[in-house]
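Working through the structure, step by step
Listed below, chain by chain, are the residues.
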Amino acid sequence: PTPHDIGFASSFITQYQLVVYFTLLKNTTKMKFSMIAIAATALAAGVEGFSTVSRPAIRASPLKMADAATEVDTKAALATAANEARGLAMDSIAAAHSGHMGLPLGCAEVGAVLYGSQMQYNPKDTQWINRDRFILSAGHGSMFLYSWLNLAGFDLSIEELKNFRQHHSQTPGHPEFPNSEHTTPGIECTTGPLGAGVSNAVGFAVSEKMAAAKYNTEEHKIFGHHIFALAGDGCFQEGISAESAQFAAHEKLDNLIILYDSNEVTLDKMAEYTQSEDIMKRYDAYGFETYEIDGHDLAVVEETIAAAKASDNGKPKFIKCNTIIGKGMEETEGTNAAHGEAGVPYVGKAKASIGLPDSGWYVSEGTRDFFTNTVQAKNGKIYDDWQATYAAWKEANPDMATELEDAVADKTMPAEDMLAAIPEMGDEAEATRVSGFKVIQDIAKLVPNYISGSADLHGSTRNYINDGGNFGAGFDKSYAGKNLYFGIREHSMGAILNGIAYHGIFKASGSTFLVFVDYMRPTIRVASLAELGRVSYILTHDSIGVGEDGPTHQPVETVPGLRVIPNLDVYRPADAEETVAAYVSSVTRSDGPTALILSRQNLNQNTAMPAAERRAGTMKGGYIAKKETGDLDLIIIATGSEVQHALEAAAELPGARVVSMPCVEAYERQSDDYKESVLPSSVTKRIAIEAAVTAAWYKYASKVVGVDRFGFSAPGDIVMEELGMTAKNLSAEIASMN
């Protein structure tokens, strides 16, 4: 129902009749105004066709009257909490003279219902694995989240709210998943780039479905929670949200509930200036169950969210909450001025208009008591019952419990043990994407919570887990499957991978051609910022060696472009053994994501060096792949497919050392002594070679052989030769050096 429908209907019916009305409405996703009006009138008057017999007068029992009184008390408490949350947001933004006031004021009733009624959580155990998850996709409205975390009893003090957007506070400008910079409790996801959070939520929903399928038993259900995401017009204008909605509906993720803050305002203009679509019809078409409500009517918001939670019909839920941005501040409400801090001069007046005192950051004793004695008591019972269920499940399934607890703790076997457990790869020339296919089979066995997916390129990127099953609904898929088919949706894939990682159970990788990684670059950046060690990217067809497909598919700037992202490890292995180590590093690293850059074409193996030494060297990011046989007077630095050329060119140079540097980032983390042993500062005659743009390599070398132009369409070996990626050309370049 629309907000007008609800208001019209409620004017006709008593509280009892409203309960009956909403009971009938629970499974109805949308009704036209005329039908609501007729139904409401009929319920009030007993119109023939709706009631075939006259309805006798109903006298409420004392118990029902007590329940009704409790309900009224609860609604009053939620309404008070909503206004006090508005006050907290206004005070914090005014103190910072920075921030977004519109959403915290406009969505206060939504927050009250989520944190005060409909979400299951325990503020004293923020890592409880069966808690509901809330993602603020519209991350600019961060004071909404901080206010509700404080009111709900999380360890986020009023002092932290006073320090909103200040250095070293727990209340940064946009929500940040706990990391080395911020450890704010209750933040499930780093958000800010619009559309990403609602897409991350799809990843949360994937992970919850997978965990339930993998770990729930007939006797004990330990997973069964919902994923909530609050998003605005900007989120739904960004294309990533559309990609993710398609995936969510297709895979029937009915544990996902998206709340659309529909205030008809964007930053520059009213939303109608740039959009005219019917978003409800769009989400209907995707396959969502859709609702449209007055986002300021507490009873309606609560009833609708409860109905969405109860509907296990294979459809994700989309609730359009019609709201007034900046509600309560008449100078800015309903306008794009409410998007920022333009309302700061009017905070005092706005607070007074909603009954708040002049004192800053006011929370009444009644609100504190409500969350402590009512909300936490209710959720505490849910939590305690779950703990008893979990204990029984663990006793009945000790091996599965160990696996799950290791997964939650992100505990894997040590890298050294994992390397030793993977057999040597052999001496035949082989594309590293093919080596990767072999390695991923071992990784999936050694890391039981490892899953992988592809943007419609499994056959080329070669990251399919044999015998892992396929994730999803229908066809040969199940929610226990380890292989995800994302469709041609790289941007969404990146966000879903992040969501899976945030959820905190599985390690996830996703694949595409390297040249298409820019579609998902924003999600890689956020994964790096959020220090998501559970995520990795398998990026194949890594250079001009792609050949015939031409320059549109031949990356030259892409690998250097990834290397500049802080906290992203970029591995470009030179052979099969380096590929083993790169994969092992990706699943044992805990403080950031890893990109695995793999070749389409066959590469020679460095058989002159033992496999174990190549693996160990790769784990350090750079190592001596061929030691000089005479006095050291030249260092050749290479990576990936160019290491074979460096080894060939150095074969006739007794004083030449070859350094393979598959991962610059890992190399830079090594001790100064190690780095000096590999690249001694006394040797300044250095040359680097990589089939990519050259600029970054001048940090290590005085001369660089690379590709500072786009390629062309021809067989890969011809493109490589024409653009100088051969041992012959490298030798000529070395000969030209002083």
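Preceding this section is the structure that the text describes.
Residues numbered from 1 in each chain as written. Predicted model: local features only at pLDDT ≥ 70, side-chain atom pairs only at ≥ 80, totals over all residues. Heavy atoms only, no water.

As for the overall build of the chain
What the chain contains, in helices and strands, is 29 helices and 18 strands. Once the C-alpha set of the chain is aligned to its principal axes, its extents read approximately 105 × 55 × 45 Å. The buried share of the chain, reckoned over its 738 residues, is 57%. Sequence-distant contacts, at least 24 apart, represent 75% of the contacts inside the chain between residues at least 6 apart. Per element, the accessible surface of the chain, about 29,000 Å² overall, is 52% carbon and sulfur. Of the side chains in the chain, 61 bear a positive and 93 a negative charge, and the two mean positions are spaced by 2 Å. (Helix = DSSP H or I, 4+ residues; strand = E, 2+ residues; numbered from the N terminus. Buried < 20%, exposed > 50% of the residue type's maximum accessible area, 1.4 Å probe, protein only. Contact = heavy atoms within 4.5 Å. Areas by Shrake-Rupley, 256 points an atom, 1.4 Å probe, with all protein chains shown as cover. Lys, Arg positive; Asp, Glu negative; His and termini not counted. Charge placed at Lys NZ, Arg CZ, Asp CG, Glu CD.)

A few points about the layout of surface pockets
Of the voids in this model, the second largest pocket is the one considered here, and its volume is about 430 Å³. Forming the walls of the second largest pocket are 28 residues, and the residues nearest its centre are Gln127, Phe177, Ala501, Tyr502 and Gly504. Ranked by residues supplied to the lining of the second largest pocket, first place goes to helix α20 (residues 490–503) with 3 residues. A class-by-class count of the residues in the lining of the second largest pocket yields 12 nonpolar, 10 polar and 6 charged. (1 Å grid on protein atoms, 1.4 Å probe; cavity = no way out; pocket = protein on both sides within 12 Å on 5 of 7 lines; lining within 4 Å. Points joined across faces, edges and corners; volume = space filled by probe spheres on them. Nonpolar A, V, L, I, M, F, W, Y, C, P; charged D, E, K, R; others polar.)

Digging into the sheet that holds strand β1 (residues 133–136)
Spatially, the 5 strands line up as an open sheet ordered β1-β2-β3-β5-β4, and their pairing is parallel. Pairing within the sheet leaves two strands with one partner each, and these edge strands are β1 and β4 (289–294). Neighbour-to-neighbour, the strand axes of the sheet open up by a mean angle of 20 degrees, direction not taken into account. With 6 bridges connecting them, strand β3 (residues 256–262) and strand β5 (residues 317–322) associate as parallel partners. Across the sheet, the residue bridging to Ile257 is Lys317, located in β5. Running over the sheet, helix α9 (residues 196–215) touches β1, β2 (227–232) and β3 and is turned about 170 degrees from β2. (Pairing = 2+ DSSP bridges. Axes fitted to C-alpha atoms, helices over the stretch in contact; angles between N-to-C directions.)

A few points about empty space enclosed by the protein
With the rule as written, the count across this model stands at 7 cavities of 30 Å³ or more. In this model, the largest cavity occupies a volume close to 120 Å³. Taken together, 14 residues line the largest cavity, and the ones lying closest to its centre are Tyr121, Asp132, Phe154, Gly186 and Glu188. For the lining of the largest cavity, the per-class residue count stands at 6 nonpolar, 3 polar and 5 charged.

Looking at the packing of helix α15 (residues 365–396) against helix α16 (residues 398–408)
Their axes nearest at 5 Å, the elements α15 and α16 cross at an angle of 115 degrees. Contacts between α15 and α16 involve Tyr390, Trp393, Lys394, Glu395 and Ala396 on the former and, on the latter, Pro398, Met400, Ala401, Leu404 and Glu405.

Digging into the pattern of salt bridges
On inspection of all chains with the given rule, the structure shows 33 salt bridges. The partner of Lys209 in a salt bridge is Asp254, and the shortest N-O contact between them spans 2.7 Å. Here Asp254 lies in the loop between α11 (239–250) and β3 and Lys209 lies in helix α9, a separation of 45 residues in the sequence. Here Lys209 matches Asp254 in class, with each residue buried. (Salt bridge = Lys/Arg side-chain N within 4 Å of Asp/Glu carboxyl O.)

Digging into the packing of aromatic side chains
Between two aromatic rings, the relevant description is the distance of the centres plus the angle of the planes. Within this structure, the stated rule accounts for 29 aromatic pairs. Ring geometry for Tyr215 and Trp393: centres 6.4 Å apart, planes at 85 degrees, overall edge-to-face. On the criterion of sequence distance, the pair formed by Tyr215 in helix α9 and Trp393 in helix α15 is long-range, its members being 178 residues apart. A single burial state applies to Tyr215 and to Trp393, both of which are buried. Seen in terms of ring centroids, Phe513 and Phe516 are 6.0 Å apart; in terms of plane orientation they differ by 25 degrees. Their pairing is stacked. Joined through ring pairs, the aromatic side chains of Trp128, Tyr215, Phe223, Tyr383, Trp386, Tyr390 and Trp393 make up one cluster. Note that Lys269 overlies the ring of Tyr273, its terminal NZ or CZ placed 4.8 Å from the centroid. (Phe/Tyr/Trp six-rings, centres within 6.5 Å; stacked < 30°, edge-to-face > 60°. Lys NZ or Arg CZ within 6 Å of the ring centre and 35° of its normal.)

Quick notes on the nonpolar core
Generally speaking, nonpolar side chains in soluble globular proteins are found buried as a group. Tyr537 and Leu562 are the most contacted members of the largest nonpolar core, which totals 74 residues. If one sorts the elements of this core by residue count, α9 sits on top with 10 residues. In this structure, Tyr537 is in contact with Leu497, Asn498, Gly510, Met520, Thr523, Ile524, Ala527, Leu568, Pro593, Thr594, Ala595 and Leu596, ignoring residues within four places of it in sequence. Among the nonpolar cores identified, the runner-up in size contains 61 residues, and Leu88, Ala96, Leu259 and Ala350 belong to it. (Core = buried A, V, L, I, M, F, W, Y, C linked by side-chain atoms within 4.5 Å.)

Overview of helix α25 (residues 643–650)
An α-helical turn contains 3.6 residues, so any two residues separated by three or four positions project in the same direction. Of all 8 residues in α25, 7 are buried, a share of seventy percent or more. Buried residues of α25: Val643, Gln644, His645, Ala646, Leu647, Ala649 and Ala650, and no others.

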